[in-house]
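A closer look at the structure
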Amino acid sequence: MKYYNTMYWDSYTKSGTTQYFLKITKVYGKWEFLDSTVQITNKDILAVQEGQGYTSGKHVYYNQIIANDVSSSYTTAYAPSTWEAVARATSVGQISSKVSSDIKRGTETWSGYCSLTEVPGYQ
């Protein structure tokens, strides 16, 4: 079993501040079967964006999550346009993605995943 996880994001400044902000635009996930005796269930793709944002001249903490159950061997999840970007220079917050599934062979079952994390405050 191979997992593929690609996270796309934008980095920019906002008017009224000199900080850089990060915003997820989409997450791509793919599952590749390497053994025909393996069954895969509960495929999921997750995108998380949390941290200090800057809206209407104020710093606001955001915790934004989207999860998609997946039925095909690959998918692309787009972050909602309503998500607020999080400050890259803060010590709290992250943008991340996770591609996961349950893997079954015979009577044994495992959980597998591939995750990516960009911690804005640690560049």
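See the structure shown above.
The sections below set out a description of the structure shown in this document. (Residues numbered from 1 in each chain as written. Predicted model: local features only at pLDDT ≥ 70, side-chain atom pairs only at ≥ 80, totals over all residues. Heavy atoms only, no water.)

Another point: the overall build of the protein chain. Of the regular secondary structure elements, the protein chain holds zero helices and eight strands. Tracing the protein chain from N to C terminus, the helices and strands come up as β-β-β-β-β-β-β-β. Expressed as lengths along the three principal axes of its C-alpha atoms, the size of the protein chain is roughly 60 × 25 × 20 Å. Each of the 123 residues in the protein chain was classed as buried or not, and the buried ones make up 37%. (Helix = DSSP H or I, 4+ residues; strand = E, 2+ residues; numbered from the N terminus. Buried < 20%, exposed > 50% of the residue type's maximum accessible area, 1.4 Å probe, protein only.)

Formed by 18 residues in total, the largest nonpolar core has its most connected members in I24, V27, W31, I45 and I95. If you list the elements that add at least two residues to this core, you get β1 (2–13), β2 (20–32), β3 (39–55) and β7 (93–105). Sorting elements by how many residues they give to this core places β2 first, with four residues. (Core = buried A, V, L, I, M, F, W, Y, C linked by side-chain atoms within 4.5 Å.)

With that out of the way, let us pick up the pairing of strand β5 (residues 74–78). On β5, burial follows the alternation: T75 and A77 on one face are buried, whereas Y74, T76 and Y78 on the facing-out side are not. Alignment of β2 against β5, held across five bridges, turns out to be antiparallel. Pairing of V27 across the sheet is with A77, part of β5. (Pairing = 2+ DSSP bridges.)

Turning our eyes to something else, we now look at the sheet that holds strand β8 (residues 108–118). With antiparallel pairing, the four strands of this open sheet are ordered in space as β4-β3-β7-β8. On the outer flanks of this sheet lie β4 (58–69) and β8, each paired with one strand and no other. Neighbour to neighbour, the strand axes of the sheet diverge by 10 degrees on average, direction disregarded. Bridge count between β7 and β8: 11 bridges; the pairing is antiparallel. Counterpart to D102 in the pairing with β8 is S111. (Axes fitted to C-alpha atoms, helices over the stretch in contact; angles between N-to-C directions.)

So, on to unusual backbone geometry. You will see that N42, though not glycine, has its phi angle at about 50 degrees, which is positive. Turning to its location among the elements, N42 is positioned in strand β3. The exposure class assigned to N42 is exposed, which follows from its relative accessible area of 56%. Look at S56: it is not a glycine, yet its phi comes out positive at around 50 degrees. Turning to its location among the elements, S56 is positioned in the loop between β3 and β4.

Attention now moves to the side chain of D44. Inspection of the secondary structure puts D44 in strand β3. Of the buried charged residues, D44 lacks a salt bridge, with K98 as the closest side chain of opposite charge at 7.5 Å. (Lys, Arg positive; Asp, Glu negative; His and termini not counted. Salt bridge = Lys/Arg side-chain N within 4 Å of Asp/Glu carboxyl O.)

Tracing the backbone shows A77 in strand β5. When the C-alpha atoms of A77 and Y28 are compared, they prove to be 6.4 Å apart, with 49 residues separating the residues in sequence. Not counting the four nearest positions on each side in its chain, A77 is found in contact with T25, K26, V27, I45 and N68. (Contact = heavy atoms within 4.5 Å.)

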